Amino acid sequence: MLNPTEHLILSSIRLHPNFEDKSEIVSIIHGNTIDWDYFVNRSLDTLLSPIIYRCFSKLELSPTYIPFEVIQKLKKIYDIVLSNNLRLAIQFESLLPQFEKKGIEVIALKGMDVIHSLYDDFGIRQTSDIDLLFKVGQLNQAREVFFERGFQCQYFMPQGALAITNHPSPYKFYNESVSYDFHIGFNKIYEKGRILVEEILARATVQKPFSNSSFFILEANDNFVYLTQHLSEHFYSFDCKLVSFIDLVELIRKEKIHWDLVIKRSISWNCFETMSEMIFLVSEYFGCEVPAHIISEVSNEKRNELRAIFITLVREPRETLRRRHAYQGSTGYRSIGHLTIGDKFLYLAHRTFPDLNYLKSKYRSRYKSYLPLLLFHISSIFGLTLQHFIKRLK
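Sequence order sets the numbering: in each chain, residues are counted from 1 along the sequence as written. Under the rules for a predicted model, residues below a pLDDT of 70 receive no local features and side-chain atom pairs below 80 are neither given nor counted, while totals for whole chains, interfaces and linings still include all residues. Remark: hydrogens and water are excluded; side-chain values derive from all non-hydrogen atoms of the structure.

**Q** Where do I start with the overall build of the protein chain in this structure?
**A** We count a stretch as a helix when DSSP gives it H or I for four or more residues in a row; a strand needs E for two or more, and each element gets its number in order from the N terminus. Regarding its fold elements, the protein chain presents 18 helices and seven strands. Residues counted as buried form 53% of the 394 residues belonging to the protein chain. Buried means the residue's accessible area, taken with a 1.4 Å probe over protein chains only, is under 20% of the maximum for its type, while exposed means over 50%, and partly exposed covers the values in between.

**Q** Got a minute to help me understand the environment of Phe-122 in this structure?
**A** You can see Phe-122 is positioned in the loop between helix H6 (110-117) and strand E2 (130-133). Separated by 39 residues in the primary sequence, Phe-122 and Ser-83 have C-alpha atoms spaced 8.5 Å apart.

**Q** What's the story with the packing of helix H9 (residues 220-236) against helix H10 (residues 243-253) in this structure? I'm lost.
**A** Pairs of packed helices are described in terms of their axes, by the angle between the two and the distance that separates them. Between H9 and H10, the shortest axis-to-axis distance is 10 Å and the interhelical angle comes to 155 degrees. Considering their axes alone, H9 and H10 lie roughly antiparallel with respect to each other. Crossing geometry of H9 relative to H10 is assigned as left-handed. Contacts between H9 and H10 involve Ala-220, Asn-223, Phe-224, Leu-227, Thr-228, Leu-231 and Phe-235 on the former and, on the latter, Ser-244, Phe-245, Asp-247, Leu-248, Leu-251 and Ile-252. Residue type decides the class: Asp, Glu, Lys and Arg count as charged, Ala, Val, Leu, Ile, Met, Phe, Trp, Tyr, Cys and Pro as nonpolar, and the leftover types, Gly among them, as polar. In terms of residue class, the contact of H9 with H10 is made up of nine nonpolar, three polar and one charged. For helices, the fitted axis covers only the stretch in contact; all axes are lines through C-alpha atoms, and the angles between them, taken along N-to-C directions, range from 0 to 180 degrees. Comment on the angle field: the value is read as roughly parallel under 35 degrees, roughly antiparallel over 145, roughly perpendicular from 65 to 115, and oblique elsewhere. Crossing chirality is assigned from the near helix's rotation relative to the far helix, an anticlockwise turn below a right angle marking it left-handed and a clockwise turn marking it right-handed. In what follows, residue pairs with any heavy atoms lying within 4.5 Å of each other are defined as contacts.

**Q** I'm lost on the pattern of salt bridges in this one. Help?
**A** Close approach of charged atoms allows side chains with opposite charge to pair. Criterion for a salt bridge: a side-chain nitrogen of Lys or Arg within 4 Å of a carboxyl oxygen of Asp or Glu. Per the stated rule, a full pass over the model turns up 17 salt bridges. Notably, a salt bridge pairs Asp-247 with Arg-125, separated by 2.8 Å at the nearest N-O pair. With Asp-247 in helix H10 and Arg-125 in the loop between H6 and E2, the pair connects residues that are 122 residues apart, well separated along the chain. Note that Asp-239 is salt-bridged to Arg-318, the shortest N-O span being 3.5 Å. Separated by 79 residues along the polypeptide, Asp-239 in the loop between H9 and H10 and Arg-318 in helix H15 (residues 318-324) bring together distant segments of the chain. One exposure class covers both Asp-239 and Arg-318, and it is buried.

**Q** So what exactly am I meant to see when it comes to the packing of aromatic side chains here?
**A** The geometry of two aromatic rings is summed up by the distance between their centres and the angle between their planes. Any Phe, Tyr or Trp ring, taking Trp's six-membered ring, that has another such ring centre within 6.5 Å forms a pair; planes under 30 degrees apart are called stacked, those over 60 apart edge-to-face, and the others tilted. Taken as a whole, this structure holds 21 aromatic pairs when the rule is applied. With a centroid separation of 6.1 Å and 50 degrees between ring planes, the pair formed by Phe-99 and Phe-146 is classed as tilted. Of this pair, Phe-99 sits in helix H5 (residues 68-101) while Phe-146 sits in helix H7 (residues 139-148), and the two are 47 residues apart along the sequence. Note on accessibility: Phe-99 and Phe-146 belong to one class, buried. Note on Phe-146 and Tyr-180: the rings are 4.8 Å apart at their centroids and 65 degrees apart in plane angle, and the pair reads as edge-to-face. Of this pair, Phe-146 sits in helix H7 while Tyr-180 sits in strand E5 (residues 179-183); the two residues are 34 residues apart in sequence, bridging distant segments of the chain. For the pair Phe-146 and Tyr-180, one class covers both residues: buried. A network of ring pairs unites the aromatic residues Phe-99, Phe-134, Phe-146, Phe-147, Phe-151, Phe-173, Tyr-180 and Phe-182 as a single cluster.

Fair warning: the whole summary comes from geometry, so function is off the table for now.
Structure (structure tokens):
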């Protein structure tokens, strides 16, 4: 059960607060002792601080209710988020002309998408990196754009010489100030990724940020299904940003959701069950009106489990939860600990025998021969393994 301070946090997550919201907030503050340090710390850890700051500002709550120093701390966080988001958006926009020149169609996912399409203020929705969805056939071209710009590359699950299924997020490119995750499909349904990208690109809409260059964003119903799946993965692995629920709330509030389409697509993508669970939480804790027949699919036992996890996410620091549940779930990659023996064999084979393009890019080599690069790759793996083993012995 939520304590009064946690209840106040959830009651203050209102981008468009009204008189009833103000009355509820005032009632909680008047009737209880609020731990304001805990309030600020939990708001910060859950990435909800900018939204709470906007709520308090719009309601014009006096220091009688909200201490002045609390407002100042929330404003400072808002200013930092605004500055960071503008920096990310400008850096992303600088890449768009190069994508257009090479004919690369790119879809912005999650943070960069919702910042542009859902929120009227760049300081509201905190994001730390940029996620981009590409067609599989354009992945190498997109990769070259980042290499040309001097980005470093980290590899998650490269295409292997043994033709193992492409992973949804094969690369992360980064420099000293920003990182980009490449995607070629949706995480829960990445086996269908090649088909899905073509399908959703046909429905995607063009977004023009600050210049004539443009990128795509997901059609609202596709985006809603995708965001519920992404949220579900992080939710069950206890690595969930509660601000992600606000993305769903805003999609619903702006009446961008066609519920019959959402149900149809979630069923065809084999994710209706997890979508309905996230919709239940949006209804339960964020005051959203959703179709009763969707949340009726969630059993009472499952509802209690969802409530327990949600309260844990509100209450406990994310870093603590990450350490405690490090191997319980996945944030886009299946944990080795939860694979079958066959999966583990393929995973190791995939890592040990990647294809020539992967090796050339990873080691920035101009060798055209596969065998020398493969031998160097295997020897580096052996060296790292030996180094790790020696450290364990010490």
